[in-house]
2 protein chains.
Amino acid sequence: MTNRAPIKLSAYLVGTGMHIASWRHPHAQANASHDIDYYKRLAQTAEQGKFDFVFIADSLAINEESHSNILNRFEPITLITAMAGATSKIGVVATASTSYIEPFNLARLFMSVDHISKGRAGWNIVTTRDLSGNTARNFGREEHFEHSLRYQRAKEFVEVTLGLWDTWEQDAFLYDKENGQFYDRSKLHRLNYKGEFFSVEGPLNIGRSPQGRPVLVQAGSSESGQNFAASHAEVIFSHKNNIEDAKNLYASFKSKAAAEGRSPDDVFIFQGISPIIGETDEIARKKFEYLESLITQEHAFSFLTEYFHGRVDFSPYTLQTGAADIGLHLLDGVRFEFQQRQELIGRTNPTLRELYSLLTGSFGVEEFIGSPQKVADRVEHWYREHAADGFMLMCPLLPDGLDDFIRLVVPILQERGLFRTDYEGDTLREHLGLSQPSSRYEQQAVPQQP
Amino acid sequence: MTNRAPIKLSAYLVGTGMHIASWRHPHAQANASHDIDYYKRLAQTAEQGKFDFVFIADSLAINEESHSNILNRFEPITLITAMAGATSKIGVVATASTSYIEPFNLARLFMSVDHISKGRAGWNIVTTRDLSGNTARNFGREEHFEHSLRYQRAKEFVEVTLGLWDTWEQDAFLYDKENGQFYDRSKLHRLNYKGEFFSVEGPLNIGRSPQGRPVLVQAGSSESGQNFAASHAEVIFSHKNNIEDAKNLYASFKSKAAAEGRSPDDVFIFQGISPIIGETDEIARKKFEYLESLITQEHAFSFLTEYFHGRVDFSPYTLQTGAADIGLHLLDGVRFEFQQRQELIGRTNPTLRELYSLLTGSFGVEEFIGSPQKVADRVEHWYREHAADGFMLMCPLLPDGLDDFIRLVVPILQERGLFRTDYEGDTLREHLGLSQPSSRYEQQAVPQQP
Ligand SMILES: Cc1cc2nc3c(=O)[nH]c(=O)nc-3n(C[C@H](O)[C@H](O)[C@H](O)COP(=O)(O)O)c2cc1C
Ligand SMILES: Cc1cc2nc3c(=O)[nH]c(=O)nc-3n(C[C@H](O)[C@H](O)[C@H](O)COP(=O)(O)O)c2cc1C
């Protein structure tokens, strides 16, 4: 327990912030999602705050109702490459799906960024959700792969990727000009992977990076998603609304990882939080309410109409109408994640504005809205209670949320000895305290008989 | 004629240079192919030289005999992203094949770099050559697509890519905070492409860049490759060994482009040259001979053994043995590009070292080896004779070759008024004098009746 790593921090960077109406905020730069200088500044800010890494999410399709921040945004791998060039220490993690790219291309792209960043890259492995088939239809398919198939493919995909990353041993290159030996042929390997979904011969045309290979990151909420994360991921994102659920998930991930023969200390659970900081708790809450007030009725109703496939006519209502008052908790045949919330909706009767926020994911955990002191206390509490090893800041408003947290909360955590005051190393693995993995072929090396 | 654009210059950046033994040269940094600081410096050098763009080639497979510079190298799109971050004016062009990636992913990656670089990106479209099936086997296939199929796929691929780049009109984003209008819905379009090889719905999740879209670059040597280039490419690479062939190819490309309804001035023909500069022509030639002397017999013979599928035992010979003396010009059933050269080999009887250089492509055009004056004269001559609009420097040795050319040849060209002394604009299209294309949907706009 005394040896437990200090708190880890990361920042989810997305344009004007996670809140659906953040772009309308007077402090927001509305074109942020495709302004590279803006992203570079955010990454530099997070580096000044000594964060472990910045994080970029992804999706592979949009439609007319998509969140303003994802309509026109950078591709994540090129974005983290650019951010790596504007920083020198902080880790850079990008999301990429296993469902719509060839593993050779992905293995290569991430290893390339890992070299460009000198060992600071991470890959957030997702399988993509695509209820409407929007994504599938961008890739020549009628429908997305079915859920369990997605994870079967993902399992092979990660095996291939790790395999390709191992094809060059770490010290394969000799650069011996005198003898004309550029590399040691015994340290180059073919993968010859033949699976159900992928067949990849290798080798990869890029060698291992300063941290060996990129850090693997994952966030699965389904059973198969969680098992996948426990067997592969070095960083796992969780996103629970209360500390009890978070503690359960934390314990479950740690024991699943142990069951896979991994050290629980090599798996970091990051809880997603959406802090809003104010001088007082009340000011912070008012800031949140102000953001909520920026949601337009037109936008919300057009989203909700599509969400319920045109089965509900919202035109007689306002954003203050109660969702249960108009019977939304009784609708059948709706999306799975809505079904899961119908009981709650019937019980609490949220306004349509609140429902919209709920469905578009802009609600944070209430306890992270408040004064710097309060937020620092909650962070410490969740950490000490083993609800999280680290936190991913999913700020409702950027850059304000990140600036405030770094200026006001980080110093408190540092004073308490809970967070670093400077980087101890240069790679993402060093920040996380993960050891550098070696190629599978290096491990097979047998000492020569004398 | 008087309005003809001045000479265009670009630099093919590849580790220690194009020469197969360049990494052994005392001036070479042997690990250059995966040192990001090295590439950033080269790009900065080329920008100081006011070059139009730097260029990164690519391939998707290696084997034990591959050129030292491609065994362990960056993925090109991430590499140009990093170089864009280290420069502010120069264009950055990366190669990517249409054969082994989904068009949605490629369209997105390149548009993302085009934003990151603020309108300086270009895509060199290749279909990949893969005689041995090495590449195919990295992507789950037994064999590469057959040549004409490759170009049929490439044609559709480029149609999809251009289509996706058009799905957002240039001025689609309103950012109207007051009225909650983030974008104008009438300026977002679906592509709904359904072809023989690709079906892609769109829209793309990134809007148009400061130069509209990336510049299209191509180098095809076959008939279908040349037709493809003439119909799509804004920059075409040619690589001819003498000015007569280059003039013919130049004229052919310009007239083919015209036949496609394009202005010949919107298609730039770049000739690849491999300059070596010395105080005198003799010193330059000695520099080349010195590079040639660094080729090891072991490496060359191992390459040649594989090249001839083990049918020739080279062990009795040396690098000085004549290729015709041992009957290589009489072998049947050899690779196509070797067949094409057998008559030449029989006639000129090159040494095995020379044959190796020929097959691995390290021979430059002799007339670009010499004093700065001579090289500048040859460049001017090829330009004035309409053998080329621009030149791609494929330096045998880097960074020396690029440094020398910029320090010694560029000033001569500038003095003669043949090359810019400063950038006129900020985007790659502006450097080339290409107009900014608009989305197809913008062109359809019809003025409203009053
Ligand atoms: C913090 C966090 C970030 C996530 N980022 C992405 C993302 O960028 N792209 C994506 O497709 N899914 C993302 N997810 C979704 C998960 O990867 C996962 O697909 C989702 O929770 C559904 O679980 P399942 O895949 O196990 O069904 C994220 C989840 C969390 C908690
Ligand atoms: C200057 C130059 C650069 C090239 N770069 C690449 C490259 O990076 N990758 C590649 O696969 N082919 C490259 N090529 C090859 C051509 O794109 C083309 O495939 C080749 O000339 C064969 O012609 P074909 O495709 O018409 O059969 C290059 C050619 C030239 C002249």
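Residues numbered from 1 in each chain as written. Chains lettered and ligands numbered in written order. Predicted model: local features only at pLDDT ≥ 70, side-chain atom pairs only at ≥ 80, totals over all residues. Heavy atoms only, no water.

Q: Help me understand the overall build of chain A, please; the structure alone is not making it clear to me.
A: Secondary structure summary: chain A contains 15 helices and 14 strands in total. Its C-alpha radius of gyration of 23 Å places chain A within 12% of the 22 Å reference for a compact globule of 450 residues. Along the first, second and third principal axes, the C-alpha atoms of chain A reach 85 × 55 × 40 Å. Nonlocal contacts in chain A, meaning residues at least 24 apart in sequence, comprise 75% of its contacts between residues at least 6 apart. For chain A, the separation between the mean place of its 45 positive charges and that of its 59 negative charges on side chains is 2 Å. (Helix = DSSP H or I, 4+ residues; strand = E, 2+ residues; numbered from the N terminus. Rg over C-alpha atoms; globule rule 2.2 N^0.38 Å. Contact = heavy atoms within 4.5 Å. Lys, Arg positive; Asp, Glu negative; His and termini not counted. Charge placed at Lys NZ, Arg CZ, Asp CG, Glu CD.)

Q: What exactly am I supposed to notice about the site of ligand 2 here?
A: Residue and element names in this part refer to chain B. The full set close to ligand 2 counts 16 residues, and D58, H147, Y151, A219 and S222 are the nearest of them. Taking D58, its main chain carries an N or O atom lying 2.8 Å from an oxygen atom of ligand 2. A219 is positioned with one of its backbone polar atoms (N or O) 2.6 Å from an oxygen atom of ligand 2. A total of 620 Å² of accessible area belongs to ligand 2 in isolation, and the protein chains cover 84% of it. In the shell around ligand 2, the residues fall into six nonpolar, eight polar and two charged. (Near = heavy atom within 4 Å. Polar contact = N/O pair within 3.5 Å; in protein donor to acceptor, adjacent residues only side chain to side chain. Areas by Shrake-Rupley, 256 points an atom, 1.4 Å probe, with all protein chains shown as cover. Nonpolar A, V, L, I, M, F, W, Y, C, P; charged D, E, K, R; others polar.)

Q: What is the right way to read the domain arrangement of chain A from this model?
A: Interface size is often expressed as the accessible area that is lost when the parts come together. Residue and element names in this part refer to chain A. Domain annotation for chain A reports domain 1 (8–278 + 371–441) and domain 2 (282–359). The straight-line distance from the C-alpha centre of domain 1 to that of domain 2 is 31 Å. At the junction of the two partners, domain 1 supplies 17 residues and domain 2 supplies 17 residues. Among the residues domain 1 hides against domain 2, the three largest losses belong to H19, E65 and I276. Together they make up 37% of the total. The interface formed by domain 1 and domain 2 contains one salt bridge. With a shortest N-O distance of 3.7 Å, D404 and K287 are connected by a salt bridge. Counting across the interface, domain 1 meets domain 2 through four residue pairs in polar contact (both at pLDDT 80 or more). (Domains from an automatic or database assignment. Buried area = accessible area lost by both parts, 1.4 Å probe. Salt bridge = Lys/Arg side-chain N within 4 Å of Asp/Glu carboxyl O.)

Q: I would appreciate a short explanation of helix α12 (residues 372–384) of chain A in the present structure.
A: Every α-helix carries 3.6 residues per turn, so stepping three or four residues along brings you back to the same face. Residue and element names in this part refer to chain A. Helix length check: α12 (13 residues) gives 18 Å between terminal C-alpha atoms against 18 Å at 1.5 Å per residue, within 8%. Buried residues of α12: P372, V375, A376, V379, E380, W382 and Y383, and no others. Within α12, the buried residues cover an arc of 165° as seen down the axis, which keeps them to one side. Structurally, α12 contributes buried residues whose contacts are with α7 (243–259), β11 (268–273), β12 (276–277), β13 (369–370), β14 (390–393) and α13 (400–415). (Expected span 1.5 Å × (residues − 1). Buried < 20%, exposed > 50% of the residue type's maximum accessible area, 1.4 Å probe, protein only. Arc of directions from axis to C-beta.)

Q: Please clarify how the packing of helix α4 (residues 103–116) of chain A against helix α5 (residues 147–165) of chain A should be interpreted in this entry.
A: How two helices sit against one another is set out by the angle between their axes and by the gap between those axes. Residues and elements named next belong to chain A. For the pair α4 and α5, the least separation of the axes is 9 Å and the interaxial angle reads 50°. The angle between α4 and α5 places the two elements in the oblique class. In the packing of α4 onto α5, the handedness of the crossing is right-handed. Across the interface between the two elements, P103, F104, L106, A107, F110 and M111 of α4 pack against F157, V160, T161, L164 and W165 of α5. Across the contact of α4 with α5, the residue classes tally to ten nonpolar, one polar and no charged. (Axes fitted to C-alpha atoms, helices over the stretch in contact; angles between N-to-C directions. Parallel < 35°, antiparallel > 145°, perpendicular 65-115°, else oblique. Left-handed = near helix turned anticlockwise from the far one by under 90°.)

Q: Mind showing me how you'd approach unusual backbone geometry here?
A: Leaving glycine out, the prevailing phi sign among residues is negative, and the prevailing peptide bond configuration is trans. The amide bond that connects G202 of chain A to the next residue, P203 of chain A, takes the cis arrangement and shows omega of 0°. Looking at the element boundaries, P203 of chain A is found in the loop between β8 (199–200) and β9 (215–218). For the bond from L398 of chain A to P399 of chain A, the omega torsion is 0°, close enough to zero to count as cis. Inspection of the secondary structure puts P399 of chain A in the loop between β14 and α13. Phi angles above zero are rare outside glycine, and N349 of chain A is one such case at about 45°. Relative to the elements of secondary structure, N349 of chain A occurs in the loop between α10 (336–348) and α11 (352–360). Judged by its relative accessible area of 28%, N349 of chain A is partly exposed. A positive phi angle is found at K118 of chain B, which is not glycine, with a value near 60°.

Q: Just checking my understanding: could you explain the sheet that holds strand β1 (residues 8–12) of chain A for this structure?
A: Two pairing modes exist for strands in a sheet, parallel and antiparallel, and in both the strands are linked by backbone hydrogen bonds. Residues and elements named next belong to chain A. Strand order in the closed barrel formed by eight strands is β1-β2-β3-β4-β9-β10-β11-β14, and the pairing between neighbours is parallel. The sheet shows a mean angle of 30° between the axes of neighbouring strands, direction not considered. Strand direction decides the pairing type here: strand β10 (residues 235–238) and β11, joined by four bridges, are parallel. Paired with I236 across the two strands is I269, which belongs to β11. Helix α6 (residues 223–232) rests against β4 (121–126), β9 and β10 of the sheet, and its axis sits at about 160° to β9. (Pairing = 2+ DSSP bridges.)

Q: Can you walk me through the site of ligand 1 in this structure?
A: Residue and element names in this part refer to chain A. Near ligand 1 lie 16 residues; those nearest to it are D58, H147, Y151, A219 and S222. One nitrogen or oxygen atom from the side chain of H147 is found 2.7 Å from an oxygen atom belonging to ligand 1. Note that an oxygen atom of ligand 1 is positioned 2.5 Å from one of the side-chain N or O atoms of Y151. Elements with a contribution of two residues or more to the shell around ligand 1: β4 and α5.

Q: Looking at this structure, I do not really get the relation of the copies chain B and chain A. What am I missing?
A: Between the two copies of the chain lies a rotation about an axis combined with a shift along it. Mapping chain B onto chain A is achieved by rotating through 180° and translating by 0.0 Å along the same axis, at an RMSD of 0.0 Å. Both copies are brought into coincidence by an operation consistent with a two-fold rotation axis. Interface residue correspondence from chain B to chain A reaches 99%, placing this contact among same-surface, isologous pairings. (Least-squares fit on C-alpha atoms with pLDDT ≥ 70 in both.)

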